[in-house]
Amino acid sequence: MVLTQVHQPEEGSSTSVGSVFSSRYVQDPLPRYEMPQKSISKDAAYQIIHDELLLDSSPRLNLASFVTTWMEPECDKLMLEAVNKNYADMDEYPVTTELQNRCVNIIARLFNAPVSEKEAAVGVGTVGSSEAIMLAGLAFKRRWQNKRKAEGKPFHKPNIVTGANVQVCWEKFARYFEVELKEVKLSEGCYVMDPVKAVEMVDENTICVAAILGSTLTGEFEDVKLLNDLLTAKNQKTGWDTPIHVDAASGGFIAPFLYPELEWDFRLPLVKSINVSGHKYGLVYAGVGWVIWRSKEDLPEELIFHINYLGADQPTFTLNFSKGSSQIIAQYYQFLRLGFEGYKNVMKNCMESARILREGLVRTGRFDIISKEKGVPLVAFSFKDMSHNSAMKLATLLRRYGWIVPAYTMPVNLEHMTVLRVVVREDFGRPLAEKFLSHVAMALDELDSSSKAPLVPALKYTIEVVSCTDDANQPFMVRVLPQEAEPVKKTVPLLTGKTKGVC
Amino acid sequence: MVLSKTASESDVSIHSTFASRYVRASLPRFRMPENSIPKEAAYQIINDELMLDGNPRLNLASFVTTWMEPECDKLMMAAVNKNYVDMDEYPVTTELQNRCVNMIAHLFNAPLGESETAVGVGTVGSSEAIMLAGLAFKRKWQNKRKEQGLPYDKPNIVTGANVQVCWEKFARYFEVELKEVKLSEGYYVMDPEKAVQMVDENTICVAAILGSTLNGEFEDVKLLNDLLTKKNAETGWDTPIHVDAASGGFIAPFLYPELEWDFRLPLVKSINVSGHKYGLVYAGIGWCIWRTKEDLPEELIFHINYLGADQPTFTLNFSKGSSQVIAQYYQLIRLGFEGYKNIMENCQENAMVLKEGLEKTGRFNIVSKDNGVPLVAFSLKDNSRHDEFEVSEFLRRFGWILPAYTMPPDAQNITVLRVVIREDFSRTLAERLVLDIQKVLHELDVMPSKKDIDIQKTKSVAAAWKRFVEDKKKTNGIC
């Protein structure tokens, strides 16, 4: 006879048996401020975090962002396989390093850098345009300082000339690296940097003039050619040799495909460096940018570091060191997969969707379109009646449908304008554009009906300040004059229809 | 009768990837190709080239995490299209970062009240974290000097010569002078006494390292704090300390909780730690924690609204992926204190196994200490015939990537091999490594030294070949 034994389950021992949602982890409050003492099972950890993240907005409906939100599954596979490769280990991962170099060369030639067929271009992959701009700015600052030292002139007050429409990373660069930011103010109807005013502001302490190809606010391309011509004329007069940097964060992957005849890149002799975001119209997920220099002379050797503690000599000029390799590989994948015709097709589609959006908005008769047709595929629009509240309310109403459309005020001189902006990315096709327009129409209806009938009855008070000359301790007296509350006429429709609730 | 049509040669979707012409075409290296290619071909081509990269898990040089649980991979892939900086659109992701900051601040004993939020930020790595911390010190010092009416154009920072390259980057890019305390033979970290001697009125901070890159040692932050407090009392300069705990920050609280190195020491104003080292997350995340709000000047913080709502930001990078922040939070709640402690204890154990195995060969000096980051740094007792670089080269043949490097001044004559014990370096791998190192030593012993003079070289080469040929008795080749 075989004696069978029944196992008594211990308290809490069935952690691997119970399903995730029946385990006690789902009841315990989540640790917020202090590390929990005990471990929990990986399924529970996954589920808990996954569930909380459901409350984040959907990235693809985020119409505020230029940053890519969709890539092909094959690329996702490549990215996941590379997730444990630390990009900084160039000696250990030579192929990954070479992919970066190939991307740099491809982009440099896309921007018509004056490099010969087999010559290696000068550039680097970064974590985004912020880092790229800081590196470019550093190179300009150091070159300018060296030049001034050689001339025996003071070099403590460098400045940089840009438009007031610059993205925040230029202000960061200026503040963190102690360079003065001289901004060309915008004006009504001119929402980008005016080249004439910019060149006027250039002085002997200017390390460079930064032009933007694809302004964040309205998507417009600045006239880099005009800037180049005016600055060349000024340089001849003054002998200062002030260079240009083009912030092509958005426009760098648009202009070469849609507007190849537009001269904005290294074809203009004063342009010494260009940055572009791989994660915007480079069609890669967030986390990669590129900065390209015209030639080796434009990148001072003293800024480059050589280290050997990982085993072999590795030159490095970046602010970040260890980082993932996935985005660099994804960028090369896109170049290889799409090629020139692929990128051109994608950009053309984006412009089409932008056109449909723009025409739909114009048809409502309520909006002024601020963005131009030529530029980054986005539509920036404001209410014809210039109302700040309406724009904010519309943004809030659209959020209810799931769309995230930012409403923001323009910079100095134009603060009365509130603008809504929809960025058209690769994954915003015609069906989505039409759906968005229908939601805008619905939202406008709601906006109109709610503005005609205020829900809160208005009460007005009149306060009288009377001076009492006879009392030294209390020279003023405040009186509230009684006033009738204003009656508000509002009809509230009674609920009609169903009398039985849904059970 | 149905006429059937055969698909033509040019129909690319029919061909299997390796039958297509894409595998024959030369890869674009310098110029963007004109035409698109199918996504399967693009994937395969790149995947195949990447096979020639080293295997990340056999990369013994790196501190950076090379393995995470599949559940975490799932979370990371799901978040790959979230741009972290859109704080208004992804409020939960932003909150996960804030929770991590608070947990790490508490781990480092930041002086916070019950429901007070910590001051800190997630970065792309310790490099960015150190630059932010350094910027904060520089600005605070400049403001103080301006108030006092004293010159503020020559800031400097005092560190050991064993600092990682990002401190030198910070110094060069942000125009701060780097005053390095030289190492000496047998003493491979910053000497607190010499460091405090070098402090002057232009010093913005003294940087101590918890977990030196070269040999994993923890610097004596407490002694530094005590000596610096005394000097500050004499001079009135109020010089603060920053602790670069890139490696050690996720080790010391679990293995050496009684070691005082963090905010328990009053002069420590900021600490950085790499989430992607012993924080056990893939490459791409670091943390910088400040003691209090006063230690982070408000003027460095930016407020932007072009994404729709007010967002305060103090980082060098702006747009970046959210995956690593989520992965860090996953690790903190999945493992908890006991989980991290278990892992660190395992790493320590395996480091001991490796160290003892190496000592048993009798050929190595162990340069690393037992207390510190779980790594083993060693050099050859006798490197007259073959040096550590050759050992490293030969080990590559077995698949191991084990770098050799020279120490900084004044110990440049010492060359060291370093094995970093990460979470995924098990005891079996440690034992295997010892075996392979022994094989390499045998091979090197037989080989003539590069330093032999020509005649001896020729003689020993000839002798070696003779033996080699004699061993090969086979007359039939393998078919």
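Residues numbered from 1 in each chain as written. Chains lettered and ligands numbered in written order. Predicted model: local features only at pLDDT ≥ 70, side-chain atom pairs only at ≥ 80, totals over all residues. Heavy atoms only, no water.

Per an unreviewed UniProt entry, chain B is named Glutamate decarboxylase, and its organism is Rhynchospora pubera. The UniProt entry for chain B carries the following text under Sequence similarities (unreviewed entry): "Belongs to the group II decarboxylase family." UniProt, in the comment section headed Catalytic activity (unreviewed entry), describes chain B in these words: "L-glutamate + H(+) = 4-aminobutanoate + CO2". (UniProt positions renumbered as here; feature names shortened; annotations may be inferred.)

Per an unreviewed UniProt entry, chain A goes by the name Glutamate decarboxylase and belongs to Rhynchospora pubera. Looking at chain A in UniProt, the text filed under Catalytic activity (unreviewed entry) is "L-glutamate + H(+) = 4-aminobutanoate + CO2". Per UniProt, chain A has the following entry under Cofactor (unreviewed entry): "pyridoxal 5'-phosphate".

**Q** How would you summarise the overall build of chain B if you had to cite specific residues and measurements?
**A** The helix and strand tally for chain B stands at 12 helices and 13 strands. Dimensions of chain B along its principal axes, counting C-alpha atoms only, are 85 × 85 × 45 Å. Out of the 479 residues belonging to chain B, those deemed buried represent 58%. The contacts of chain B with a sequence gap of at least 6 include a subset with a gap of at least 24, amounting to 69%. When the accessible area of chain B is evaluated, it comes to approximately 20500 Å², of which 52% is carbon and sulfur surface. Put simply, chain B has 55 plus and 65 minus side-chain charges, and the middle of one group is 6 Å from the middle of the other. (Helix = DSSP H or I, 4+ residues; strand = E, 2+ residues; numbered from the N terminus. Buried < 20%, exposed > 50% of the residue type's maximum accessible area, 1.4 Å probe, protein only. Contact = heavy atoms within 4.5 Å. Areas by Shrake-Rupley, 256 points an atom, 1.4 Å probe, with all protein chains shown as cover. Lys, Arg positive; Asp, Glu negative; His and termini not counted. Charge placed at Lys NZ, Arg CZ, Asp CG, Glu CD.)

**Q** For the overall build of chain A, give the residues involved together with the corresponding values.
**A** Across its full length, chain A holds 11 helices and 15 strands. Relative to its full complement of 503 residues, chain A shows a buried share of 55%. Across chain A, contacts joining residues at least 24 apart in sequence account for 68% of those joining residues at least 6 apart. For chain A, the accessible surface area stands at approximately 23200 Å², while carbon and sulfur atoms represent 55% of it.

**Q** Outline the side chain of His 276 of chain B, supporting the account with residue identities and numerical values.
**A** In this fold, His 276 of chain B is placed in the loop between β6 (268–274) and β7 (286–290). Relative accessible area serves as the criterion here: at 1%, His 276 of chain B is assigned to the buried category. Only 2.9 Å separates the side chain of His 276 of chain B from the backbone nitrogen of Gly 284 of chain B, close enough to count as a polar contact. Discounting residues that sit within four places of it in the chain, His 276 of chain B has contacts with Ser 322 of chain A together with Phe 63, Val 64, Thr 65, Val 124, Gly 125, Val 281, Tyr 282, Ala 283, Gly 284 and Ile 285 of chain B. (Polar contact = N/O pair within 3.5 Å; in protein donor to acceptor, adjacent residues only side chain to side chain.)

**Q** Before we move on, can you summarise the interface of chain B and chain A with the specific residues and values?
**A** At the interface, 117 residues of chain B touch 121 residues of chain A. Counting each side, the surface lost to burial between chain B and chain A is near 10700 Å², with a carbon and sulfur contribution of 59%. Our enumeration of links across chain B and chain A arrives at 13 salt bridges. The residue Lys 42 of chain A makes a salt bridge to Glu 71 of chain B at a minimum N-O spacing of 3.5 Å. Where chain B packs against chain A, one counts 45 residue pairs in polar contact (both at pLDDT 80 or more). Contributions of two or more residues to the side of chain B that touches chain A are made by α1 (39–50), α2 (70–78), α3 (91–107), α4 (126–148), α5 (165–173), β8 (302–304), α9 (323–361) and β12 (404–406) of chain B. A total of 12 residues in the side of chain B that touches chain A trace back to one element, the largest contributor, which is α9 of chain B. Among the residues forming the side of chain B that touches chain A, the class breakdown is 56 nonpolar, 30 polar and 31 charged. (Buried area = accessible area lost by both parts, 1.4 Å probe. Salt bridge = Lys/Arg side-chain N within 4 Å of Asp/Glu carboxyl O. Nonpolar A, V, L, I, M, F, W, Y, C, P; charged D, E, K, R; others polar.)

**Q** Any chance you could break down the UniProt feature "modified residue: N6-(pyridoxal phosphate)lysine" (unreviewed entry) in chain B for me, citing the residues and the numbers?
**A** Residue and element names in this part refer to chain B. Per the UniProt record, "modified residue: N6-(pyridoxal phosphate)lysine" (unreviewed entry) is found at Lys 277. Structurally, the position occupied by Lys 277 is in the loop between β6 and β7. Other than its neighbours up to four places away in sequence, Lys 277 contacts Phe 63, Val 64, Thr 65, Ala 246 and Ser 247.

**Q** Hey, could you go over the environment of Glu 128 of chain B for me, with residue numbers and the actual values?
**A** Following the sequence through the fold, Glu 128 of chain B ends up in helix α4. Residues contacting Glu 128 of chain B, with those up to four places away along its chain left out, are Asn 320 of chain A together with Thr 123, Thr 315, Leu 316 and Asn 317 of chain B. Among the polar contacts listed, one links the side chain of Glu 128 of chain B to the backbone nitrogen of Leu 316 of chain B, at a separation of 2.8 Å.

**Q** I'd like a description of empty space enclosed by the protein, backed by residues and values.
**A** If a probe the size of a water molecule is rolled over the atoms, the empty space left behind becomes visible. Following the criterion strictly, the structure yields 6 cavities of 30 Å³ or more and no others. If you add up the space inside the largest cavity, you get close to 370 Å³. Along its surface, the largest cavity is lined by 29 residues, and Gly 324 and Gln 327 of chain A together with Ala 283, Gly 321 and Gln 324 of chain B are the ones closest to its centre. Tallied by class, the residues present in the lining of the largest cavity amount to 15 nonpolar, 12 polar and 2 charged. (1 Å grid on protein atoms, 1.4 Å probe; cavity = no way out; pocket = protein on both sides within 12 Å on 5 of 7 lines; lining within 4 Å. Points joined across faces, edges and corners; volume = space filled by probe spheres on them.)

**Q** I'd like to hear about the side chain of Ser 323 of chain B, residue by residue, with values.
**A** Residue and element names in this part refer to chain B. As for its position among the elements, Ser 323 is in helix α9. Residue Ser 323 is classed as buried on the basis of its relative accessible area, which comes to 10%. Separated by 3.0 Å, the side chain of Ser 323 and the backbone oxygen of Met 76 make a polar contact. Ser 323 has contacts with Met 76, Ala 79 and Val 80, leaving out every residue within four places of it along the chain.

**Q** Account for the sheet that holds β7 of chain B, naming residues and giving values.
**A** All names here are of chain B. Taken together, the 7 strands give an open sheet; going across it, the order is β1-β7-β6-β5-β4-β2-β3, and neighbouring strands pair in mixed fashion. Of all strands in the sheet, those bounded by a partner on one side alone are β1 (119–123) and β3 (177–181). Here the average twist between neighbouring strands, direction ignored, is 20 degrees. Judged from the 3 bridges that link them, strand β2 (residues 156–160) and strand β4 (residues 203–209) form a sheet pairing that is parallel. Note that in β4 the partner of Val 158 across the bridge is Val 206. Lying on the sheet, α5 is in contact with β2, β3, β4 and β5 (241–244); it crosses β3 at an angle near 145 degrees. (Pairing = 2+ DSSP bridges. Axes fitted to C-alpha atoms, helices over the stretch in contact; angles between N-to-C directions.)

**Q** Tell me what's going on with the packing of helix α10 (residues 388–396) of chain B against helix α11 (residues 427–446) of chain B, and back it up with residues and numbers.
**A** All names here are of chain B. Across the interface, α10 lies against α11 with an axial gap of 10 Å and an inter-helix angle of 115 degrees. α10 and α11 meet at a crossing whose hand is right-handed. Packed against α10, whose contacting residues are Glu 390, Val 391, Phe 394 and Leu 395, the element α11 presents Asp 436, Ile 437, Val 440, Glu 443 and Leu 444 at the interface. Its residues assigned to classes, the contact of α10 with α11 shows 6 nonpolar, no polar and 3 charged. (Left-handed = near helix turned anticlockwise from the far one by under 90°.)

**Q** Could you give an account of the environment of Arg 172 of chain B, with specific residues and numbers?
**A** Within the secondary structure, Arg 172 of chain B sits in helix α5. A residue is classified by how much of its surface remains accessible, and Arg 172 of chain B, at 31% relative accessible area, is partly exposed. Arg 172 of chain B sits 206 residues away from Phe 378 of chain B along the chain, and the two C-alpha atoms are 32 Å apart. In contact with Arg 172 of chain B, other than residues within four places in its own chain, are Arg 142, Glu 302, Leu 303, Ile 304 and Phe 305 of chain A.

**Q** Break down the packing of aromatic side chains for me, with residues and values.
**A** In the structure shown here, the tally under the stated rule is 30 aromatic pairs over all chains. Taking 6.0 Å as the distance between ring centres and 45 degrees as the angle between the ring planes, the aromatic pair formed by Phe 335 of chain A and Tyr 343 of chain A counts as tilted. Looking at Phe 335 of chain A, the relative accessible area reads 1%, which means it is buried. In this arrangement the basic side chain of Lys 74 of chain B is found over the ring face of Tyr 46 of chain A, its NZ or CZ atom lying 4.4 Å from the centre. A cation over a ring is seen here: Arg 172 of chain B above Phe 305 of chain A, with NZ or CZ 3.9 Å from the ring centre. (Phe/Tyr/Trp six-rings, centres within 6.5 Å; stacked < 30°, edge-to-face > 60°. Lys NZ or Arg CZ within 6 Å of the ring centre and 35° of its normal.)

**Q** Run through unusual backbone geometry, naming residues and quoting values.
**A** All names here are of chain B. Positive phi, close to 55 degrees, is recorded for Asn 109, a residue that is not glycine. Among the structural elements, Asn 109 can be located in the loop between α3 and β1. Residue Asn 109 is classed as partly exposed on the basis of its relative accessible area of 34%. A positive phi is found at Leu 280, a non-glycine position, where the angle reads about 65 degrees. Here Leu 280 lies in the loop between β6 and β7.

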